[in-house]
Amino acid sequence: MIDIQAYIDSGVLELYVYGTLSEAESLEVSRLVALHPELKAEVEQIEAALQQLASAAAPYTPSNFESIQAKIQSKEGDGVIPLSRKRIPAATYLGWAAAVLLLVAVGYQFTEKQKLEEKITTIEREQILQEGKILIAEEDLQKTKALLDVLRDKDVIAVPLGAQAIAPEAYASIYWDKETGKAYVDVRGLPTPPKGKVYQLWSLTLDPLTPTSMAVLNQYDTDGTQLFEIENPNASEAFGITLEPEGGSASPTLEQLYVLGVVEP
Amino acid sequence: MQPDQLIARFQQRDESAFAELYERYSENILGVIYSVLHDQELSEEVLQDVFIKAWNNASSYNSQKGRFFTWLLNIARNAAIDKTRSKSFKNNKQNQNAAFFVDILEDKNDFSSKVDAIGIKKYIDVLEPICKKVIHLLFFKGYTQKETAEELDIPLGTVKTRNRICINKLRNVLGVT
């Protein structure tokens, strides 16, 4: 026989109602409560007080039972097969409608997808094209830079070639690096050679006048710069350009001398 | 009085019994949920979840293990604490301010007919700070004695008796003795 009052005073019944006892402790309290009406009365009073306290903490009276009822009923319906025949055609139509809708939606998505794919292909093609252009531009830039470096080199001598009687507007320039034996000839100022003719560049020594062929400028106008790189190991004192038959000549045709310039000593 | 008949019918899936139980317990369960969440919309949502869960698991209630109210309380606290981990709860900064149930009671003006409003107001006036904390943790948040002792830094052996004194005061002002 337990001391009922001491048991009540221990405060275990409050914790029992709170639900904070272990399962074993709760089972024990439940057993005793069932045996002793005094304990049961005490538990019910504690519970009544706590329910009032908890209700007071509710911000408002909760919504009525219908909202719960609607939810439990819709849930119960989930697993039930309807016996009513009326629902079958409705469901069937709905099914067909859904299928048609789906088909339309899929078809639409498919055409959209194709359009997008085409767009992507076009854009990719354009990109490749642009990349090619950039590559060419970079190469050009590099060439130009290299050329500019050459022309700016302190060892390079610039020799302007002046116009002769045959073409008073013509001009050309030679840039010559004696150290490396490289020369560049700029013929942008020469008229385009007639068909079957080419320009030929000559290195001249003046006393006595001896011409040496440096190059036949048969690549004229291929890249538009009209600037040619030529080996010049000669001890040139002057340069001249003549118009010659295709393939060039062994000695210059002096009547066809277009430009001429002397190397400054 | 615990409505044993009603609970038995509820366990046999009697909807009208369920409706009566809802009538009896929904407000106090909402109070517990709200004291954890401090958010009306979320609390209402959790309240509905709790009762739907109770309905779906009605057979799992066993009167030999405890009170029906206690059973609902445990479901409610767990659901409310689960909710505190949800995005919608965390996104609301207001929820982060931990409020005691007494703060809610002090702010509240209209009480339902189920509550002795005058008694509750009186109770708040006489309630010692330690009582507020003990009841907040043990009842509203479902802490164990050990967790409560650690949280409040008081001896484990005194938790139970201290709480008893606090609840006795409540019963006195409400006249439930």
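To be clear, the structure that these remarks concern was listed above.
Residues numbered from 1 in each chain as written. Chains lettered and ligands numbered in written order. Predicted model: local features only at pLDDT ≥ 70, side-chain atom pairs only at ≥ 80, totals over all residues. Heavy atoms only, no water.

### Quick word on the environment of Ser249(A)
In step 1: Positionally, Ser249(A) belongs in the loop between strand 7 (238–245) and strand 8 (257–262).
In step 2: Those residues in contact with Ser249(A), other than ones at most four positions away along the chain, are Gln200(A), Trp202(A) and Glu244(A). (Helix = DSSP H or I, 4+ residues; strand = E, 2+ residues; numbered from the N terminus. Contact = heavy atoms within 4.5 Å.)

### Description of the pattern of salt bridges
In step 1: Under the definition given, this model contains 16 salt bridges over all chains.
In step 2: Glu14(A) is the salt-bridge partner of Arg164(B), the closest N and O atoms lying 2.8 Å from each other. Here the residue Arg164(B) occupies a position in helix 10 (residues 156–174), and Glu14(A) occupies one in helix 2 (residues 12–18), the pair thus bridging two chains. Here the two residues Arg164(B) and Glu14(A) agree in accessibility, since each one is buried.
In step 3: Between Lys169(B) and Glu128(B) there is a salt bridge; the shortest N-O distance is 2.7 Å. Of this pair, Lys169(B) sits in helix 10 while Glu128(B) sits in the loop between helix 7 (117–126) and helix 8 (129–140), placing them 41 residues apart in sequence.
In step 4: Overall, the relative accessible area of 23% leaves Lys169(B) in the partly exposed class.
In step 5: By relative accessible area, which is 38% here, Glu128(B) ends up partly exposed.
In step 6: Through salt bridges with shared partners, a single ionic network connects Asp9(A), Glu14(A), Glu42(A), Arg164(B) and Arg171(B). (Salt bridge = Lys/Arg side-chain N within 4 Å of Asp/Glu carboxyl O. Buried < 20%, exposed > 50% of the residue type's maximum accessible area, 1.4 Å probe, protein only.)

### Digging into the packing of helix 8 of chain B against helix 9 (residues 145–152) of chain B
All names here are of chain B.
In step 1: Close contact between helix 8 and helix 9 brings their axes to 10 Å; oriented N to C, the two are set at 140°. Classified by the angle between their axes, helix 8 and helix 9 sit oblique to one another. Of the two elements, helix 8 crosses helix 9, and the hand of that crossing is right-handed. Of the residues in helix 9, those touching helix 8 at Ile-130, Lys-133, Val-134, Leu-137 and Leu-138 are Gln-145, Thr-148, Glu-151 and Leu-152.
In step 2: Across the contact of helix 8 with helix 9, the residue classes tally to five nonpolar, two polar and two charged. (Axes fitted to C-alpha atoms, helices over the stretch in contact; angles between N-to-C directions. Parallel < 35°, antiparallel > 145°, perpendicular 65-115°, else oblique. Left-handed = near helix turned anticlockwise from the far one by under 90°. Nonpolar A, V, L, I, M, F, W, Y, C, P; charged D, E, K, R; others polar.)

### Considerations on unusual backbone geometry
In step 1: The omega torsion of the bond from Asp207(A) to Pro208(A) falls at 0°, within 30 degrees of zero and hence cis.
In step 2: Note that Pro208(A) resides in the loop between strand 4 (197–205) and strand 5 (210–216).
In step 3: At Arg13(B), a residue that is not glycine, the phi angle is positive and equals roughly 65°.
In step 4: If you check the backbone angles, Asp153(B) has positive phi at about 60° while not being a glycine.
In step 5: Position of Asp153(B) among the secondary structure elements: in the loop between helix 9 and helix 10.

### Here we look at the interface of chain A and chain B
In step 1: Opposite the 50 residues of chain A that make contact, chain B presents 63 residues.
In step 2: Of the roughly 5000 Å² buried between chain A and chain B, counting both surfaces, carbon and sulfur atoms make up 60%.
In step 3: Where chain A touches chain B, the interface holds seven salt bridges.
In step 4: Taken together, chain A and chain B are joined by 17 residue pairs in polar contact (both at pLDDT 80 or more).
In step 5: No other element matches the 17 residues that helix 4 (residues 37–57) of chain A contributes to the side of chain A that touches chain B.
In step 6: Its residues assigned to classes, the side of chain A that touches chain B shows 24 nonpolar, 16 polar and ten charged. (Buried area = accessible area lost by both parts, 1.4 Å probe. Polar contact = N/O pair within 3.5 Å; in protein donor to acceptor, adjacent residues only side chain to side chain.)

So far we have only geometry, and geometry alone does not tell us how the molecule works.
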